Amino acid sequence: MKTISENVCFGGMQGVYSHASSATKCDMTFGLFLPLEARDGPVPVLWYLSGLTCTHDNAMTKAGAQIWAAEHGIALVFPDTSPRGENIADDDAYDLGQGAGFYVNATENPWSPHFQMFDYITRDLHELLFAEFALDPNRQAITGHSMGGHGALTLAMNLPGRFRSVSAFSPICHPTTSDWGRKQLGAYLGDDKSKWAAYDATLLMRNKGFDGPILTDTGTNDQFLDLLMPETFAEACIKRRQQATLRMQPGYDHSYFFVQSFMEDHVAFHAEALWV
């Protein structure tokens, strides 16, 4: 692991680090905010998964999360959204390839050699973080925005017992039936749609659910609302009688101004679960 930068932030430390990943077979970069309490021992950790076109840097600098994490004594992890490099497959479109990993393990060429983002987040980066930093593996929560909201919900339901709570901003809720999903899942996983179900939050809610609280926020003026399909996830939660707070926020769009506006709520929501 290499240290790229470290800056004091709200009494804690905002770092950026890189490391070699066996899952993606390339160097990966991530951000990590450690609150002041980490000097005295392991602290809870909140994962933040970013959306299409983003790197580790977008949420780290735009979401305004550190002030609330510092208040609650919680660490924040900001992973990248895909493998990157000259010899790694890419696409001219913004919503496929580098910057658009969709948090899946690709099985199709040319993506499969490097686009193993599910394993990267849940295994490689997970193991590195708890080996190198003062983080408590028994107190984890996860959130994300857009594609990252999709990632947060699907990781939480695919890994029962790992995360105490899950939240999402403007999540892609039903990618197997949305233009934000069918293109990417088809490219990464092939034409067999039975393989797509493990990465669809609505289908996972119908079949598995989540053993803990869920919070989602989506703006009523989100320009991608028809692609996000929050109504499908809400219906699945109701049918399963899932513990969930699913909010539509009047006037808000898909931007980081929206994320900033409700970040305090989300961090407090996770703090309640993490500090029990």
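Structure's up top.
Small disclaimer: the values here were computed from a predicted structure and weren't measured.

Peer 1: Can you walk me through the overall build of the protein chain in this structure?
Peer 2: Each helix and strand in the protein chain was counted, giving nine helices and nine strands. In summary, the protein chain has a C-alpha radius of gyration of 17 Å against a globular reference of 19 Å for 276 residues, a match within 12%. The dimensions of the protein chain, computed from C-alpha atoms along their principal axes, are 50 × 45 × 35 Å. Taken over 276 residues, the protein chain has a buried fraction of 61%.

Peer 1: How should the environment of Gly-209 be read in this particular structure?
Peer 2: By the secondary structure assignment, Gly-209 is in the loop between α6 (201–207) and β8 (214–219). On a C-alpha basis, the gap between Gly-209 and Gly-148 in space is 18 Å, while along the polypeptide they are 61 residues apart. In this view, Gly-209 contacts Met-157, Leu-204, Arg-240 and Gln-242; residues no more than four positions away in its chain are not counted.

Peer 1: I tried to follow helix α3 (residues 117–132) on my own but got confused; where do I start?
Peer 2: Since the α-helix advances by 3.6 residues per turn, residues separated by three or four positions end up pointing in the same direction. The principal kink in α3, of about 35°, is found at Leu-125. Buried residues belonging to α3 abut β2 (12–21), β3 (26–34), β4 (43–49), β5 (75–79), β6 (135–144) and α4 (147–158).

Peer 1: Honestly, the state of the cysteines in this entry has me stumped. Any pointers?
Peer 2: What is meant by a disulfide is a covalent connection between two cysteines, made through their sulfur atoms. This model, assessed by the stated rule, comprises zero disulfides. You can see Cys-26 has no disulfide; the closest cysteine sulfur is in Cys-54, sitting 18 Å from it. A relative accessible area of 6% places Cys-54 in the buried class.

Peer 1: Would you explain the packing of aromatic side chains in this entry?
Peer 2: How two aromatic rings sit relative to each other is set out by the distance from centre to centre and by the angle between their planes. A full pass over the atoms with the stated rule returns 12 aromatic pairs. Centroid distance Trp-111 to Tyr-188: 5.4 Å. Interplanar angle 90°. Geometry classified as edge-to-face. Of the two residues, Trp-111 sits in the loop between β5 and α3 while Tyr-188 sits in helix α5 (residues 179–189), which places them 77 residues apart along the sequence. Judged by relative accessible area, Trp-111 falls into the buried class, the value being 6%. When the centroid spacing of 4.7 Å and the interplanar angle of 35° are considered together, the rings of Trp-180 and Phe-224 count as tilted.

Peer 1: Mind showing me how you'd approach the pattern of salt bridges here?
Peer 2: Here the idea is simple: oppositely charged side chains can pair when their charged atoms come close. Inspection of the entire model under this criterion finds eight salt bridges. Two residues, Asp-217 and Arg-247, come together in a salt bridge whose shortest N-O distance is 2.7 Å. On the criterion of sequence distance, the pair formed by Asp-217 in strand β8 and Arg-247 in strand β9 (residues 244–249) is long-range, its members being 30 residues apart. The shortest N-O distance in the salt bridge between Lys-239 and Glu-235 comes to 3.4 Å. A residue pair is termed a helical-turn pair when its members lie 3 or 4 positions apart in one helix, as Lys-239 and Glu-235 do in helix α8 (residues 230–240) at four residues. It is possible to trace a salt-bridge network through shared partners that takes in Asp-217, Arg-247 and Asp-265.

Calculation rules
Each chain carries its own residue numbering, running from 1 in the written order of its sequence. Residues qualify for local features only when their pLDDT is at least 70, as the model is predicted, and side-chain atom pairs are given and counted only at 80 or more; totals for whole chains, interfaces and linings, by contrast, use all residues. Note that water and hydrogens are dropped before the side-chain values are worked out from all heavy atoms of the structure. Where helices and strands are cited, they refer to DSSP runs of H or I of at least four residues and of E of at least two residues respectively, numbered from the N terminus. Using C-alpha atoms as the atom set, the radius of gyration is obtained and then compared with a globule rule of 2.2 Å times the number of residues to the power 0.38. Remark: exposure states derive from per-residue accessible area (1.4 Å probe, protein chains only) relative to the maximum for the residue type, with buried under 20%, exposed over 50%, and partly exposed in between. Contacts are assigned to residue pairs with any non-hydrogen atoms lying within 4.5 Å of each other. One axis is fitted to the seven residues ending at the residue and one to the seven starting there. The bend at that residue is the angle between these axes. Any pair of cysteine sulfurs within 2.5 Å is marked as a disulfide. Paired rings are identified among Phe, Tyr and Trp, the last through its six-membered ring, by centres lying within 6.5 Å, and are further divided according to the angle between planes into stacked (under 30 degrees), edge-to-face (over 60) and tilted (the rest). Any carboxyl oxygen of Asp or Glu within 4 Å of a side-chain nitrogen of Lys or Arg constitutes a salt bridge here.

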